[in-house]
Structures are given as structure tokens and as C-alpha cells.
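# Results of the structural survey
The lines below spell out each chain.
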Amino acid sequence: MSGKGRTTQRLDKVLSNLGFGSRAELKKKAKQGSIVVNGTVTKDPGKHVDPYTDIIEFEGETIQYREYVYLMLHKPPGVVSATEDLRDRTVLDLLDAEYRVFEPFPVGRLDKDTEGLLLLTNDGKLAHELLSPRKHIPKTYEATVEGRVDEEDVRRFAAGVTLDDGYVTLPGELLIHSHEERGDGVTLSRISLTIHEGKFHQVKRMFEAVGKKVVYLKRISMGELRLDENLEIGTYRELTEQELALIGRAGSE
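Residues numbered from 1 in each chain as written. Predicted model: local features only at pLDDT ≥ 70, side-chain atom pairs only at ≥ 80, totals over all residues. Heavy atoms only, no water.

### Structural notes on the pattern of salt bridges
- Per the stated rule, a full pass over the model turns up 17 salt bridges.
- A salt bridge links E238 to R66; its shortest N-O distance comes to 2.6 Å. Residue E238 is located in strand β15 (residues 236-238), and its partner R66 is located in the loop between β6 (61-62) and β7 (70-75); the two are separated by 172 residues in the primary sequence.
- Taking relative accessible area as the criterion, E238 reaches 30% and is therefore assigned partly exposed. (Salt bridge = Lys/Arg side-chain N within 4 Å of Asp/Glu carboxyl O. Helix = DSSP H or I, 4+ residues; strand = E, 2+ residues; numbered from the N terminus. Buried < 20%, exposed > 50% of the residue type's maximum accessible area, 1.4 Å probe, protein only.)

### Remarks on the UniProt feature "domain: RNA-binding S4" (unreviewed entry) in the protein
- Here the UniProt-annotated "domain: RNA-binding S4" (unreviewed entry) positions come out as residues 9-67.
- With 27% helix and 24% strand, the stretch residues 9-67 has end C-alpha atoms that lie 12 Å from each other. (UniProt positions renumbered as here; feature names shortened; annotations may be inferred.)

### Thoughts on the environment of L175
- Within the secondary structure layout, L175 lies in strand β11 (residues 173-181).
- Each C-alpha atom, one on L175 and one on V154, is 7.2 Å from the other, the two residues being 21 residues apart in sequence.
- What L175 contacts, discounting residues up to four positions off in sequence, is R190, I191 and S192. (Contact = heavy atoms within 4.5 Å.)

### Points about helix α5 (residues 151-159)
- Every buried residue belonging to α5 is among D153, V154 and F157, and all of these are buried. Relative to the axis of α5, the buried residues are bounded by an arc of 105° and lie together on one face. In α5, the exposed residues that point more than 90 degrees away from the buried face are R155 and A159.
- Where α5 is buried, its residues touch β11, β12 (187-195) and α6 (202-209). (Arc of directions from axis to C-beta.)

### Quick look at helix α4 (residues 124-131)
- All of the buried residues in α4 are L126, A127, E129 and L130. One side of α4 carries all its buried residues, which in axial view fall inside an arc of 160°. Exposed residues pointing more than 90 degrees away from the buried face of α4 are listed as K125 and H128.

### Description of the side chain of T90
- Within the fold, T90 resides in the loop between β7 and α3 (97-100).
- In contact with T90, not counting residues within four places along its chain, are V79, V80, A82, T83, E84 and D85.

### Some details on the sheet that holds strand β5 (residues 56-58)
- Strand order in this open sheet of four strands is β3-β2-β5-β6, and the pairing throughout is antiparallel. Looking at which strands have only one partner, the edges of the open sheet turn out to be β3 (40-41) and β6.
- Strand direction decides the pairing type here: strand β2 (residues 35-37) and β3, joined by two bridges, are antiparallel. Its bridge partner being in β3, V37 is matched across the sheet by T40. (Pairing = 2+ DSSP bridges.)

### A look at the packing of aromatic side chains
- All chains considered together, the criterion is met by five aromatic pairs.
- Arranged with centres 4.9 Å apart and planes meeting at 50°, the rings of F157 and F207 form a pair that is tilted. With F157 in helix α5 and F207 in helix α6, the pair connects residues that are 50 residues apart, well separated along the chain. With respect to burial, F157 and F207 carry one shared label: buried. (Phe/Tyr/Trp six-rings, centres within 6.5 Å; stacked < 30°, edge-to-face > 60°.)

### Details of the domain arrangement of the protein
- Along its sequence, the protein is organised into domain 1 (9-63), domain 2 (70-133 + 225-247) and domain 3 (138-222).
- Relative placement of domain 2 and domain 3: their C-alpha centres are 23 Å apart.
- In this complex, domain 2 contributes 15 residues to the contact, which on the side of domain 3 involves 11 residues.
- Buried area between domain 2 and domain 3, both sides added, is near 1200 Å², and the carbon and sulfur share of it is 48%.
- On the domain 2 side of the contact with domain 3, D111, E115 and L117 bury the most area, a combined 35% of that side's loss.
- Taken together, domain 2 and domain 3 are joined by two salt bridges.
- Its salt-bridge partner being D113, residue K204 comes within 2.7 Å of it at the nearest N-O pair.
- Mapped by element, the contributors of at least two residues to the side of domain 2 that touches domain 3 are β9 (115-121) and β14 (225-226).
- Ranked by residues supplied to the side of domain 2 that touches domain 3, first place goes to β9 with four residues. (Domains from an automatic or database assignment. Buried area = accessible area lost by both parts, 1.4 Å probe.)

Shown next as C-alpha cells:
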């Protein structure tokens, strides 16, 4: 997933891809002597370099080149899982410019009002593998549901639920954690649910099929990748090497 093994690239392309400026701006910087390759000032922005092995300095800073980024975001409610939207804030609006320059995109989606784990990357091959319907990668959610979720619901989910359009879901693993009475006498059930596909509004529609309503939904895992409990809502971080290995394994299975 590192992208190593590629042929050399133009110096200005390498630097512009990392957000150091447009090609026109970098041409000026090169003429000013701001770019150094392997200890030598380079005034030709079109010079071909190997960004993985050559030592490139820009205005005194040694650059760390990489082709891909992999980010874990704790998506907040009210933000859409898209790269652009005319009405709402998108998950990309939560990223700093140093990451937006890589043009990452969300792997899959969470509903606008759903929070939790969302992976963002610009690695299209991995994203395709993770989203492939034939993979059946499990996704686990925590939810608060209006209505008393009981063992009959557990059995129905385990058998597959018929949605409003007639589609029968794959078996899901439903766990009941607690019940409590709301002030208006309605029972709230706190549950977790693992599903193995990603139909539109699937968790909400599964509960609607058994006469209940999801009022809070949070995704906590995708395959073996779990949401970092220390990652505050609306914040993100890069995946660790161990986490990268987990999603790489999930994509290759």
C-alpha cells in the first residue's frame, strides 16, 4: 500500500502533490534556490526524482513523501459522508489542508445523523476491496432504540430481516445491553448490532421491520478496525501500521 516501486516523477509534481504550491509557484521557488535535491540546489522544477529515495528539501525543510493517506475519523452527526455537498458540511471540511491536498474520500458512508468510525483515504484500490459486496465485511454499531428490544428480535435478526422493499438481509448479530424508561413512558433499548452488508439506512430499516425506531446510531468497527475510544467526536488521526495491516487483510480476503 506504500506505492513504492513507481518510476521517477517530476520534482514540481511531487511538491505540488504534497501541497507546497502550484507548478508556477514552484518554478519561482526553484529559481530562488529554495529547492535542494540530495544536497544540491536544483533550479529545474522539471527534474525527475525518486521521492522515496532522493532527499528533497523545500525552503530548508526535508519533505516526507507518500502517495496515500489513511485516516480514522470519528464522524459527528450533521456532517455528510461525501467529498462535496451544496447544502451541508462534508467530512472533508473537518480535515486540515495538509490532508485535503491528498484528495481523500470516505470509504463507504454513514448517514448524516449517524456518528462513529469512518475511514478516509485516497487509495482507490483498497477502498474498492473494502466496499466489495462479496467481501461481507462486518460492521458493528451501537444504537439506542425506541421500544423494548427482546430475544424475539435477536432471533429475527439472526435469521435475516425482510426490509420495506422486500429485500431479506443477511443474518445480523444483535446484542441487548440495557433497557430504561424514558420520561414519557417509552422504553429505550441500548443494543449493538453487527451486519455483513451495507444497504441504504440498513440498521434503521431493520429495526423498523420489527416495529421499532433507532434514535441514536454510532458505528464502532469495520472489519477488525475499531474506533479509537480516545478519538473525540469530530476529530481524526492517521491509522497506525497495525491498523493498516488489519484493513489490508480485510481487503484481501
